[in-house]
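Examination of the molecular architecture
Here is what each chain is made of, one letter per residue.
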Amino acid sequence: LSTSPTSFIENAIAFVRSSENERFDFEYTSNGLYRSQLPFQGKVGVEYQLSLFLDNGLRINSDWDRMAFPTVPDTVLIETFVDSDPENNDVETDFFFPSIRVRDSINYPNFYRWKFLKNNVPLVEPSPITLQSDRFFDGNFIPNEFDEFSYREGDTAIVQLQSITEATFLYLRLLASQITTLGTSSGTTPAQVIGNFSSSDESVVLGYFGTAAIASDTLIMRRQ
C-alpha cells in the first residue's frame, strides 16, 4: 500500500473534439479535476475523442467513441418488499425499489449501463457497475426489477439509463469483474484494466473515455 501523496497535473491542455470538427476546452479547477469552459452535450451518431497535452511534451489521446441513440424507459414504477430492519432484526420494515420497463430497439445492438442514486448519493452496493446488452432480448420489452437497490420511504431515487457503445460496455464489464469477484474462490485474476488511451511515448495510461446518452427519472419512494 503506497503512502506517497497523490500528485495532480495542474497545467495540462485538455480538450474534447468531435468528428464534426468541434472542440471543447477544459480548464483545471482543483484536485486533478478539469471542467469544460462552456456547457455542451454530445450528438447522436457523432464521434468524440479526449486529448491531453502535458508540459513535458507527452501527448495522450483516447480512442474515438460514438454517441449512441438514447433509450427511454417506457414505464417506471415503485415496488415494495418487507424485510428485517438492518438496525433491529426483530422489526420488519418496508423497503422500496424501482421497477422499470424498457422497450429495446429492434435489429440494432444496444448496450446499457444503469446507475442509481439515493438522496443524491450513488449506490455502490451490491455493485457500482450494472450492465445489460440486448443479445437475448433484441426488440422486446425488458422488465427490470432492481430489488437489490433498496430505499426507505421518503428517499429520493434517481435512476439513470445510459446507452453506451459496445467498446464502453466491454471495458466496464471487465472492470466490474475485477471489482465484484476479487477475493472470491471463482474470482477473476487481478490485472490492470488498461482502457482506451494511448501516449506519444508508448507508456501505459490507465483510464477510459467514452460517451453515454442518458435518460433519467427521479422518484420519491412512497406507498402506491
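Data block above holds the structure.
Analysis parameters
- In this numbering scheme, every chain counts its residues from 1 along its sequence in written order.
- Per-residue local features of the predicted model are confined to residues with pLDDT of at least 70, and side-chain atom pairs are confined, for both listing and counting, to 80 or more; whole-chain, interface and lining totals are unaffected and use all residues.
- Processing note: side-chain calculations cover all non-hydrogen atoms of the structure and skip hydrogens and water entirely.
- By definition here, a salt bridge exists when the distance from a side-chain nitrogen of Lys or Arg to a carboxyl oxygen of Asp or Glu is within 4 Å.
- Counting from the N terminus, the helices are the DSSP runs of H or I reaching at least four residues and the strands are the DSSP runs of E reaching at least two.
- Type-normalised accessible area, obtained with a 1.4 Å probe on protein chains alone, sets the label of each residue: buried when under 20%, exposed when over 50%, and partly exposed for intermediate values.
- Only residues whose relative accessible area exceeds 30% and that take part in no salt bridge are eligible for patches, with like-charged residues grouped when within 9 Å of each other and nonpolar side chains (Val, Leu, Ile, Met, Phe, Trp, Tyr) grouped when within 5 Å.
- Residue exposure ignores everything except the shown protein chains as possible cover, and the areas themselves are Shrake-Rupley values with a 1.4 Å probe.

Some remarks on the pattern of salt bridges
- In total, this model carries 5 salt bridges according to the counting rule given.
- In this structure, the salt-bridge partner of K43 is E22, at a minimum N-O distance of 3.5 Å. Taken together, the positions of K43 in the loop between strand 3 (33-36) and strand 4 (47-53) and E22 in the loop between strand 1 (13-18) and strand 2 (23-30) put the pair 21 residues apart, joining distant regions of the chain.
- Of the residues examined, E22 reaches a relative accessible area of 24% and is grouped as partly exposed.
- Note that R66 is salt-bridged to E47, the shortest N-O span being 3.2 Å. Here the residue R66 occupies a position in strand 6 (residues 65-66), and E47 occupies one in strand 4, the gap between them amounting to 19 residues.

Regarding unusual backbone geometry
- Unlike most non-glycine residues, N21 shows phi in positive territory, near 65 degrees.
- Considering the arrangement of structural elements, one finds N21 in the loop between strand 1 and strand 2.
- Under the relative-accessibility criterion, N21 is labelled exposed at 75%.
- We note that N120 has phi near 70 degrees; this positive angle belongs to a residue other than glycine.
- Within the secondary structure layout, N120 lies in the loop between strand 9 (111-118) and strand 10 (121-122).

A closer look at a nonpolar patch on the surface
- On the surface, a nonpolar cluster with roughly 270 Å² of combined accessible area is contributed by I194, V204 and L206.
- Summarising the element assignment, V204 is placed in the loop between strand 14 (197-199) and strand 15 (213-220).

Just geometry here; none of it tells us what the structure is for.
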